[in-house]
Number of protein chains: 4
Amino acid sequence: MSKVTVIAGVGPGNGAAFARRFAQGGHALGLLARSAQMVEGLAAELQAGGAQSLGVPVDLTDAAAVADAFQHIRRKLGDADVLIQNAAGGLRAPFLDTPVEAYREGFELCVMAMVHCCRAVLPAMLARGAGTIVLSGATAAMRGSAGFSAFAVGKFGQRALAQSLAREFGPQGVHVAHVNIDGVIGTPRNVQRLADKPPEFFLQPADIAEAYWTLAEQPRSAWSQEIDLRPFGERF
Amino acid sequence: MSKVTVIAGVGPGNGAAFARRFAQGGHALGLLARSAQMVEGLAAELQAGGAQSLGVPVDLTDAAAVADAFQHIRRKLGDADVLIQNAAGGLRAPFLDTPVEAYREGFELCVMAMVHCCRAVLPAMLARGAGTIVLSGATAAMRGSAGFSAFAVGKFGQRALAQSLAREFGPQGVHVAHVNIDGVIGTPRNVQRLADKPPEFFLQPADIAEAYWTLAEQPRSAWSQEIDLRPFGERF
Amino acid sequence: MSKVTVIAGVGPGNGAAFARRFAQGGHALGLLARSAQMVEGLAAELQAGGAQSLGVPVDLTDAAAVADAFQHIRRKLGDADVLIQNAAGGLRAPFLDTPVEAYREGFELCVMAMVHCCRAVLPAMLARGAGTIVLSGATAAMRGSAGFSAFAVGKFGQRALAQSLAREFGPQGVHVAHVNIDGVIGTPRNVQRLADKPPEFFLQPADIAEAYWTLAEQPRSAWSQEIDLRPFGERF
Amino acid sequence: MSKVTVIAGVGPGNGAAFARRFAQGGHALGLLARSAQMVEGLAAELQAGGAQSLGVPVDLTDAAAVADAFQHIRRKLGDADVLIQNAAGGLRAPFLDTPVEAYREGFELCVMAMVHCCRAVLPAMLARGAGTIVLSGATAAMRGSAGFSAFAVGKFGQRALAQSLAREFGPQGVHVAHVNIDGVIGTPRNVQRLADKPPEFFLQPADIAEAYWTLAEQPRSAWSQEIDLRPFGERF
C-alpha cells in the first residue's frame, strides 16, 4: 500500500511541486486548499500520471472542516505518513495601517491551520511510531522587519509550533522539520512581478520540493529539524 | 510635567516592581490589568509615596476597552512616554491535550494586547519623535519545547512584533526593546512553589525593573533592541 | 570522468562514512588525515569496491603540506568538486585548567586547516562556477558551555568561516554549507564509552553521510547553508 | 578603597570613553594598549580629573607580558573588579586575497588576548565571588559576510569564549557579558571617513560606555549575558 502525503495549502507554486515530487516517489496524495478548482485540477493531473490522489476543498482555519477532510482522506487513501504545511498569510503594511484583523488572519492561517492538521495526523503517526511533518517558513519566521509585523507574527508562531512539536514528538518517532524558504519563490506571478531579476534570483518550486522529499526520507538517527533554502544568486 | 509610563499587565511581581521603579524615577504611572483591586491598590500605594498614578481596570485583549483606557490616562496624566508590556499567557500541556482555544488565548494576550496598546501610544510618540516600548519575553520566546506549544507560539509572536516595531519606528525616534526574562521570577507564588530552590535560582522583580528603567533611559545613539536577564545562580 | 570529493580529516567514523557514500555515488575520493594507515587502509577498501581513491597522509594544519596534498590529488584524480571538512579538536576542560595552546590547536584544526583546503580547491571551483564545500559543526559551534571554551572557540570560528565563504562564493556557483551535528556520533568508541545509552541516542555515521551527499546534490536554486542533524531519540 | 577596572585595548574611541565613564563612577583604572603614548596620555587625563589610573603599554597577545601588566596593576591599584575587552582586529578582504596570517592575527587579538587577561583576573574574582567581564562584539560576531572571513572568525571565537565563561563562572558570582556593538562607532576617524552619513548613523562612544557601566552595576539576580547596541537612525 502506498504511503500517504497530505499537503495543507496547495497552490500553483510550491504546493503543486510538493505534490508532484511525492507522487513521483510513490506516495498517494491528499490535497487541501480552499479552491476546489485548484485541488481537483491537480488531483486529476496526478491521477493521469498514475498517482493516487484526492483533492479536498477546505478552509484550513475551520477546525471541524479540517477534521472532516482528514477523515475523508483516511477513508480513501489511509492515514497520513507525511504532512506538509504550505499555507501562509499576513498583510504587509506599515504597523499603523495594519488592521488588527490582519494579525488574527495570519495567525489562523500560519498557526491554527497547522494545529488542526497536526491534531488530525498525530494520533496515527504516534501509534505507528513514525511520520514526518514539514512546516514552510520564510525569512519573516527568523526576524521581524518594518512593514512585516502581521506576517512575522504568524511565521514566528509557526516556527515556535514546529520546534515544540519536534521536541515533543521526535523521541516518539515523528520527525517535525521547519524549512526557512529564504528568498523569493519563482512562481509565475513572482517571475512576472520581478521581471528585472535574473533567473538565479528565484527559488524553483521543484528544487524546494526535492528538499522536502529528502526530509521525509531522512533516517531517524540524523534528522534535520531546521534547514534553510536559498537561491545561489541572491546576495544577502 | 512628569513623564508618563503605562504598564500593560500589572500583577504583584514584575508589574508592581516596574511601577515602583518608574515612580521612583519621577514618572507618572498608568496601570492596566483586569483586576480593579490590583491596579487600584497599587495606584494608591504609589500615590501614598508621592507619585501620580492611575489604575484602570481593563481587559487588554479588548481593542475598544484598551483605546478607552489610554484615552483616560491621556486626559489624566498625559501621553505615554514609556509603554511596558507585561502580560503573558498560554497553557503548558502536551500538544494533544492543549485545546485549540489555548493558542488563541495566548496569542490575544501576548500579541494582540500589545498591538492594541501600541496603536494607542505610537501616534503621540511619533509626533514627538521619542518614546520607549519594552516587551517582556521569556525562554519560550527564543525556542519551543515539549509541552510549551501554546505558550511558545504567543511569545515567539510577541518577539516578532517587537523586532518589526523596532525596525519600523527606531529611525523615527521610538525605542522598542525585547527583554528575554530567561528564568523563574521570584514572585511569592514561585518562591513558595519551588521551596527547594536557593534564592539565587530566582530573578528578583526589582532587579528586572532596574533593567527596564535603564532601557527607557538609554541614549539613542546606542539602543539595545534585545537583552536577556538571567539569575546568576542558574546553571543552564 | 568521475567527480572528485576530498575529505579533510578521515577517521573510522564520519570520515569513512563520507568516503563510502560519495564512492557509492560514483565520486573519486581523495582522503586526507595525519595517519597514513587510516587513509591508505580506507583508500584500499574503496578501491577494492571499485572506486578510484587516493589516501594522502598530511598534517592539515601545515599550509605547504596541504597545498602539496591537493596538488597530488589533482594530478591523480583531478580538481575537487566537493570538499568535506571533518577535522575537529579542542580540549574540554575548566577554563583555568585549559592551557593557552589548546585554543591555538583547536583554532588551527577547526579554522586554519579549512582555510588551507579552501585556498586549494576554490580557484578551480570558481573557474568552473560550481563546487560544494561542507563544514562539520557541532553543538559547540552554536553556543558556548562551561568547560568547552577551547572547543567552542574553534567551532564558532569554523562556522564564521562557513558563513563568510557561503556569502562570498554562493553567487559564483560554489555551495558552502555548515552542518551542525547536534549529538553524539555512534562511533565504536562512543558507543562503548556510553554503553548505558540506547541506540537511538547516537547519530549513525552512514546517516550523517547521506545528508552530506544530499547537500552536494542540491540544485542551486535552493541551497541549504545551515542544517542541523540530531538523533531522534535524544530529548533536548 | 576604589574598585578597579582594567580596559584591555585602549584607543581614542570606545576605550577612552570606557575609562572616563568608570573613572566618573569612582573606579581606579588600569589601561592596557600597545601604545605607551595612548595609555599614558589617557592615564594623565584621568588623574588630572582626580581618578587613580595607571597606563601600562603591553602587547595583549603576549601571555607573559599580559601577566606582568596585571601584576603591576595589582600592586598599584589592587585586583580588578571589572575587565573590559576592547581589542579587535582582522583584515577585511576577499577570501583568496586574505593571507593566512590574518586569521591568526585576528584570533590572537580577539580570543587569545582575552584568554590571557581572564586568566589574570579570574582567580581573585572567584576568591571574592564577584566581578564583571565585558567583551566587545560586533555584527561580525553574529554572522559571517563576504570579505569578512578573518574578522568574523575572531569575533565569533570571542563570543564563544564569552558564552563559555558566562556559563562556567556565573554561578560563582562572576558576570560575563558580550555586547554586540552593531553599527559604526562615531570615532573621529569614522565620522571623517563617512562624512556623508548623518550623526544618527553612528554609535557614540560615551553612550556605549554607559551600557558597559550598567552591566557592571547589574544586580546579580538579573544579569544580561548578551545585549546589542545599535544607533537609532540606522535602517537595517
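Residues numbered from 1 in each chain as written. Chains lettered and ligands numbered in written order. Predicted model: local features only at pLDDT ≥ 70, side-chain atom pairs only at ≥ 80, totals over all residues. Heavy atoms only, no water.

Chemist: Can you help me understand the environment of Asn 190 of chain D in this one?
Modeler: Residue and element names in this part refer to chain D. As for its placement among the helices and strands, Asn 190 is situated in helix 6 (residues 188-193). For Asn 190, a relative accessible area of 12% translates into the label buried. Residues in contact with Asn 190, not counting those within four places in the same chain, are Val 184, Ile 185 and Phe 202. Among the polar contacts listed, one links the side chain of Asn 190 to the backbone oxygen of Ile 185, at a separation of 2.8 Å. (Helix = DSSP H or I, 4+ residues; strand = E, 2+ residues; numbered from the N terminus. Buried < 20%, exposed > 50% of the residue type's maximum accessible area, 1.4 Å probe, protein only. Contact = heavy atoms within 4.5 Å. Polar contact = N/O pair within 3.5 Å; in protein donor to acceptor, adjacent residues only side chain to side chain.)

Chemist: I tried to follow the interface of chain C and chain D on my own but got confused; where do I start?
Modeler: Put simply, an interface is often sized by how much accessible area is lost when its parts join up. Contacts between the two partners involve 39 residues from chain C and, on the opposite side, 40 residues from chain D. Approximately 3,200 Å² of surface area, both sides summed, lies buried where chain C meets chain D, with 71% of it carried by carbon and sulfur atoms. Of all residues in chain C, Phe 95, Leu 96 and Arg 119 of chain C bury the most surface against chain D, accounting for 20% of the area lost on that side. In this structure, the connection of chain C to chain D is made through 2 salt bridges. (Buried area = accessible area lost by both parts, 1.4 Å probe. Salt bridge = Lys/Arg side-chain N within 4 Å of Asp/Glu carboxyl O.)

Chemist: Looking at this structure, how should I read the environment of Val 56 of chain B?
Modeler: Turning to its location among the elements, Val 56 of chain B is positioned in strand 3 (residues 53-57). Look past the residues within four positions of Val 56 of chain B in its chain and what remains in contact with it is Leu 31, Leu 32, Ala 33, Val 39, Ala 69, His 72 and Ile 73 of chain B.

Chemist: Help me understand the side chain of Gln 225 of chain B in this model?
Modeler: Along the chain, the position of Gln 225 of chain B falls in the loop between helix 7 (205-217) and strand 9 (226-229). The exposure class of Gln 225 of chain B is buried, given its relative accessible area of 9%. A polar contact of 3.3 Å, which involves the side chain of Gln 225 of chain B, links it to the side chain of Arg 167 of chain B. Within the structure, the side chain of Gln 225 of chain B is placed 3.3 Å from the side chain of Arg 230 of chain D, a separation counted as a polar contact.

Chemist: Would you take a moment to explain the relation of the copies chain C and chain D for this structure?
Modeler: The operation relating the pair of chain copies consists of a rotation about an axis and a translation along that axis. Each copy of the sequence occupies a distinct position, and chain C is placed on chain D by a rotation of 180° and an axial shift of 0.0 Å, giving an RMSD of 0.0 Å. The two molecules are tied by a two-fold rotation axis, judged by turn and shift. Taken as a fraction of all interface residues of chain C, those also at the interface in chain D reach 100%, which identifies the copy contact as same-surface. (Least-squares fit on C-alpha atoms with pLDDT ≥ 70 in both.)

Chemist: Can you help me understand the relation of the copies chain B and chain A in this one?
Modeler: Between the two copies, chain B and chain A, the superposition gives an RMSD of 0.0 Å; the rotation angle is 180° and the shift along the axis is 0.0 Å. Comparing interface residues between copies, 100% of those in chain B also sit at the interface in chain A, which points to an isologous, same-surface contact.

Chemist: What's the story with the pattern of salt bridges in this structure? I'm lost.
Modeler: Any two side chains of opposite charge can pair, given that their charged atoms come close. Taken as a whole and assessed by the stated rule, the structure comprises 40 salt bridges over all chains. As a salt-bridge pair, Arg 34 of chain A and Asp 59 of chain A come within 3.6 Å of each other at their nearest N and O atoms. Taken together, the residues span a long stretch of sequence, with Arg 34 of chain A in the loop between strand 2 (28-33) and helix 2 (36-48) and Asp 59 of chain A in the loop between strand 3 (53-57) and helix 3 (63-76) at a distance of 25 residues. We classify Arg 34 of chain A as exposed; its relative accessible area is 61%. Here Asp 228 of chain A and Arg 230 of chain A are joined by a salt bridge, their closest N and O atoms 3.0 Å apart. Three or more residues joined by partner-sharing salt bridges are found here, namely Glu 101 and Arg 104 of chain A together with Glu 108 of chain B.

Chemist: Before we go on, may I ask you to explain the pairing of strand 5 (residues 131-138) of chain A in this structure?
Modeler: Moving residue by residue along a regular strand, the side chains alternate between the two faces of the sheet. Residues and elements named next belong to chain A. Strand 5 sits mainly inside the fold: 8 of its 8 residues count as buried. The pairing of strand 4 (residues 82-85) with strand 5 spans 4 bridges and is classified as parallel. Each residue of the ladder has a partner; that of Val 82, found in strand 5, is Thr 132. Relative to strand 6 (residues 174-181), strand 5 runs parallel, the two sharing 8 bridges. Across the sheet, residue Ala 138 finds its bridge partner in strand 6, namely Ile 181. Handedness of the β-α-β unit built from strand 5, helix 5 (residues 149-169) and strand 6 comes out right-handed. (Pairing = 2+ DSSP bridges. Right-handed = clockwise from strand over helix to strand, strands pointing away.)

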